[in-house]
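Topology and contacts: notes
Single-letter residue listing:
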Amino acid sequence: MCAKDRPGETLIEVAAVGICGSDLHYYKDGAIGSAKVGDGFVPGHEFGGYLAEDVPELGLGRGALVAVEPNGACGHCEWRIEGYGNLCPNVEFIGAPPLGVAIHAVDLAKPRLIEPVALLGAGPIGLLILQVLKVAGAGAVDVVEPLEHRRKAALELGARAVFASVADFVGGEGKGGRPLVVEATNSPLAFRDAVAAARIGGRVVLTGIPDGDVYTLPAADARRRGLKIKFVRRMGDDYARGIELVVSGRVDVKAVVTHQASLARAPDLFAALAESRPGYLKALLLPNG
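Small disclaimer: the values here were computed from a predicted structure and weren't measured.

Another aspect to go through is the nonpolar core. Counting 33 residues, the largest nonpolar core has Leu127, Ile129, Val132 and Val182 as its most contacted members. Broken down by secondary-structure element, the contributors of at least two residues to this core are helix 3 (98-109), strand 8 (117-120), helix 4 (124-135), strand 9 (141-144), helix 5 (148-156) and strand 11 (178-183). Once residues within four sequence positions are removed from consideration, Leu127 is found in contact with Ala122, Arg150, Ala153, Ala154, Leu157, Val256 and Leu281. Counting residues in hydrophobic clusters, the runner-up holds 17 residues, among them Val144, Phe163, Val195 and Leu206.

A word on the pairing of strand 9. Side-chain alternation along strand 9 places Val141 and Val143 on one buried face and Asp142 and Val144 on a second face that is also buried. Bridge analysis of strand 8 against strand 9 gives four bridges, and the strand direction is parallel. Directly across from Ala118, in strand 9, lies its bridge partner Asp142. At this point the chain moves from strand 8, through helix 4, to the parallel strand 9, and the crossover so formed is right-handed. Where strand 9 and strand 10 (residues 161-163) come together, three bridges link them in parallel fashion. Opposite Asp142, over in strand 10, you have Ala161 as the bridge partner. A crossover links strand 9 with its parallel partner strand 10, the connecting element being helix 5, and its sense is right-handed.

With that settled, consider the sheet that holds strand 4 (residues 46-51). One open sheet accounts for five strands, arranged 5-4-1-15-14; its pairing is mixed. Looking at which strands have only one partner, the edges of the open sheet turn out to be strand 5 (65-67) and strand 14 (257-262). Across this sheet, the average inter-strand angle for adjacent strands is 25 degrees, counted without regard to direction. Sheet topology note: the strand 14/strand 15 (residues 282-286) ladder contains five bridges and is parallel. Across the sheet, Ala261 pairs through a bridge with Leu285, a residue of strand 15.

Reading the values: the criteria
- Residues numbered from 1 in each chain as written.
- Predicted model: local features only at pLDDT ≥ 70, side-chain atom pairs only at ≥ 80, totals over all residues.
- Heavy atoms only, no water.
- Core = buried A, V, L, I, M, F, W, Y, C linked by side-chain atoms within 4.5 Å.
- Buried < 20%, exposed > 50% of the residue type's maximum accessible area, 1.4 Å probe, protein only.
- Helix = DSSP H or I, 4+ residues; strand = E, 2+ residues; numbered from the N terminus.
- Contact = heavy atoms within 4.5 Å.
- Pairing = 2+ DSSP bridges.
- Right-handed = clockwise from strand over helix to strand, strands pointing away.
- Axes fitted to C-alpha atoms, helices over the stretch in contact; angles between N-to-C directions.

Nothing here speaks to function; it is geometry throughout.
Below, the structure is given as structure tokens:
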């Protein structure tokens, strides 16, 4: 049960919790940058469930199925006032739903109508970005992903072609690069690879968090191409659109879920995802069976 502590909060009986890439960074590294975890830290922030009590001010009754917006921006800093709650330095944050991150990444990317795109990474976030790019009117999306089962999933969800490495991509059909490159990996080499996949004068959007919190990037290549580079920080005010995309069927979130299990299997699932075992994309934990 997700407890309430203050006015404006309510109790939720958690139905399912997704294991997020950020959870895996904490699992492997014990930190993401300066955000370190220790004893008492409880991972798990991609959750939804059922109201344990009525919320009359919203017209919702006990038992209603709800999703959780985990971003508790302070509401009064200059960044929140300017519409950037995801950048609030005073945020109280539980986590980030994957689809919200995908929508925010595509918002920053601003794909032009029928514009070809290179997408690096076909994990859960990458596969959602792929779908949102198509909804947003992007053209052919070529996906670079080293894992075979993820490449297969990308093709099933609309990728034009898939490649095992950036070298394979730029050495073949991607020669000259793409005007838009969206990265969604955990590789320290992802920034370098995104630059290599970009056309001169192109745009690069970096969504992933690199293992070890460090990128390796030869500066000259990025500078000489005159690239426009943006970093994705969590999500914006994307919840309503995310719900609409799922309800309308334009984004298939179930397609990225490969495993569901009880809390007792959490150690096994964390290990499998951290090791990128074949067949694993998104795993859900079901705390109440």
